[in-house]
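For reference, the chains in residue letters:
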Amino acid sequence: MIYGIIRSEQFSPQSVEKDRAILTAVVERLHGILIPEQQLCESELTGCGNIFLNMGRLPKTTAFLKQKEDEGAVVLNSGYGVEMCQRSRLEALMREKHIPMPRKTGTNGWWVKRGDAAAQCHQDVLFCKDDEALAKAKASFAERGVTDIVVQSHVCGDLLKFYGVEGTSFFRYFYPGDDEESKFGDERINGTPHHYFFQKEHLRSTVEMLSRLVCTPIYGGDAIITPDGEFKIIDFNDWPSFSRCREEAANAIVQLVAYKIHN
């Protein structure tokens, strides 16, 4: 049996329907069953299935899936991968592997981001134009009990969103400034895209290397393309909504599942 694990709504700010739509599209193609991750953590599925298509992020979900994977189940994305995509862990790995990313210091402002998990509300990712705003942002996280944070310098350039499925031909990118599709509107800070030239295959090979490092073959993220054609990866996520390219992505994920089943 194939189980599609629905992401808890707290991890889908303003994207609940979009996140559910991509998982539904994949599971319907594979004739599987959808299960909310809260039920997965409470249910008895031992021995009932060996393929799990996972959008869940609750700690109990990742613990369950790590166990199933250790027992030989096919799990996409891996519970281990979901844990490795926690922002502070991801940033440390990217710096260690010299993957292009923003510096911690700069002259154009900063971004303060929740480091222990994916963003769950607008307050989990804050832009700070100066030192005073940076201090206030850090204080606001502390007041909410969020002690694990990441600080990145703001990078000027074109913001683009990328989506991929490792091991397939599927890789797409889009400029939010062109279609104005946005969760919180933060994309406007980078302004109207200039569509600077950059090496698209270099971006793809870099993010696919990252996807392998963090055991997350179904991925998405954000990058900034600078005026000189360089790129900086500013975010990387396990199983995004693929809302701009859902049908193509669903077909690619089905292709990945078929490969995993037979190899």
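Heads up: the structure comes first, above all this text.
Residues numbered from 1 in each chain as written. Predicted model: local features only at pLDDT ≥ 70, side-chain atom pairs only at ≥ 80, totals over all residues. Heavy atoms only, no water.

Enquirer: Would you mind showing me how to read the nonpolar core here?
Expert: A general tendency of soluble globular proteins is for nonpolar side chains to be buried together. Within the largest apolar cluster, 27 residues are counted, with the highest numbers of intra-cluster contacts made by Ile22, Val26, Leu53, Phe170, Trp239, Phe242 and Ile253. Residue assignment for this core shows that the elements contributing at least two residues are β1 (2–6), α1 (16–30), β3 (51–54), β4 (74–76), β8 (158–165) and α9 (246–262). Looking at which element gives the most residues to this core, the answer is α9, with seven residues. Counting 21 residues, the second largest nonpolar core, distinct from the first, contains Met101, Val214, Ile225 and Phe236. (Core = buried A, V, L, I, M, F, W, Y, C linked by side-chain atoms within 4.5 Å. Buried < 20%, exposed > 50% of the residue type's maximum accessible area, 1.4 Å probe, protein only. Helix = DSSP H or I, 4+ residues; strand = E, 2+ residues; numbered from the N terminus.)

Enquirer: When you look at the environment of Ile5 in this model, what are you seeing that I'm missing?
Expert: In this fold, Ile5 is placed in strand β1. Here Ile5 falls in the buried class, since its relative accessible area comes to 0%. A sequence separation of 33 residues divides Ile5 from Gln38, and the C-alpha atoms of the two residues are 9.2 Å apart. In this structure, Ile5 is in contact with Leu23, Ile35, Glu37, Leu40, Phe52, Leu53, Asn54, Met55, Gly56, Thr61 and Leu65, ignoring residues within four places of it in sequence. (Contact = heavy atoms within 4.5 Å.)

Enquirer: Sorry if this is basic, but what is going on with the pattern of salt bridges here?
Expert: A pair can form between side chains of opposite charge whenever their charged atoms are brought close. All told, the structure shown has 16 salt bridges when counted by the stated rule. For Lys136, the salt bridge goes to Glu132, with nearest N and O atoms at 3.4 Å. Taken together, the residues span about one helical turn, with Lys136 and Glu132 both in helix α6 (residues 131–143) at a distance of four residues. Of the charged contacts in the structure, one is a salt bridge between Glu208 and Arg204, with a shortest N-O distance of 3.7 Å. (Salt bridge = Lys/Arg side-chain N within 4 Å of Asp/Glu carboxyl O.)

Enquirer: Whenever I open this one, α1 confuses me. Can you help?
Expert: Taking 1.5 Å per residue, 15 residues should reach 21 Å; α1 reaches 22 Å between its end C-alpha atoms and fits that length. Of the residues making up α1, those classed as buried are Asp19, Ile22, Leu23, Thr24, Ala25, Val26, Val27 and Leu30. Among the structural elements, β1, β2 (33–36), β3 and α9 are those in contact with the buried residues of α1. Immediately downstream of α1, the backbone of His31 shows phi near 60 degrees, a positive value. (Expected span 1.5 Å × (residues − 1).)

Enquirer: Hey, could you run me through the sheet that holds strand β6 (residues 125–128) in this one?
Expert: The strands making up a sheet are joined through hydrogen bonds of the backbone, oriented either antiparallel or parallel. Strand order in the open sheet formed by three strands is β6-β5-β7, with antiparallel pairing between adjacent strands. Two strands bound the open sheet, and with one partner strand each, they are β6 and β7 (149–153). Averaged over all adjacent pairs, the angle separating strand axes in this sheet is 20 degrees, with direction ignored. Sheet analysis places strand β5 (residues 110–114) next to β7, joined by five bridges and oriented antiparallel. Across the sheet, Arg114 pairs through a bridge with Ile149, a residue of β7. Contacting β5 and β7, helix α5 (residues 87–96) crosses the sheet at an angle of about 50 degrees to β7. (Pairing = 2+ DSSP bridges. Axes fitted to C-alpha atoms, helices over the stretch in contact; angles between N-to-C directions.)

Enquirer: How should the pairing of strand β9 (residues 171–174) be read in this particular structure?
Expert: On a regular strand, each side chain points to the face opposite its neighbour's, so the side chains alternate between the two faces of the sheet. Both β8 and β9 contribute to a ladder of four bridges, which runs antiparallel. Directly across from Tyr163, in β9, lies its bridge partner Arg172. Two successive antiparallel strands, β8 and β9, enclose a turn made up of five residues, where Gly167 displays a positive phi of approximately 85 degrees.

Enquirer: Explanation requested: unusual backbone geometry in the structure shown.
Expert: Leaving glycine aside, a negative phi is the common case for residues, and trans is the common case for peptide bonds. The step from Leu76 to Asn77 runs through a cis peptide bond, and the omega angle for that step is -5 degrees. On the secondary structure map, Asn77 appears in the loop between β4 and α4 (79–84). Phi is positive for Cys215, which is not a glycine, with a value near 55 degrees. Inspection of the secondary structure assignment puts Cys215 in the loop between α8 (200–213) and β10 (218–225). On the accessibility criterion, Cys215 (35% relative accessible area) is partly exposed. One non-glycine residue, Phe242, adopts positive backbone phi at about 55 degrees. With respect to the secondary-structure elements, Phe242 resides in the loop between β11 (231–238) and α9. Using a relative accessible area of 0% as the deciding quantity, one classes Phe242 as buried.

Nothing here speaks to function; it is all geometry.
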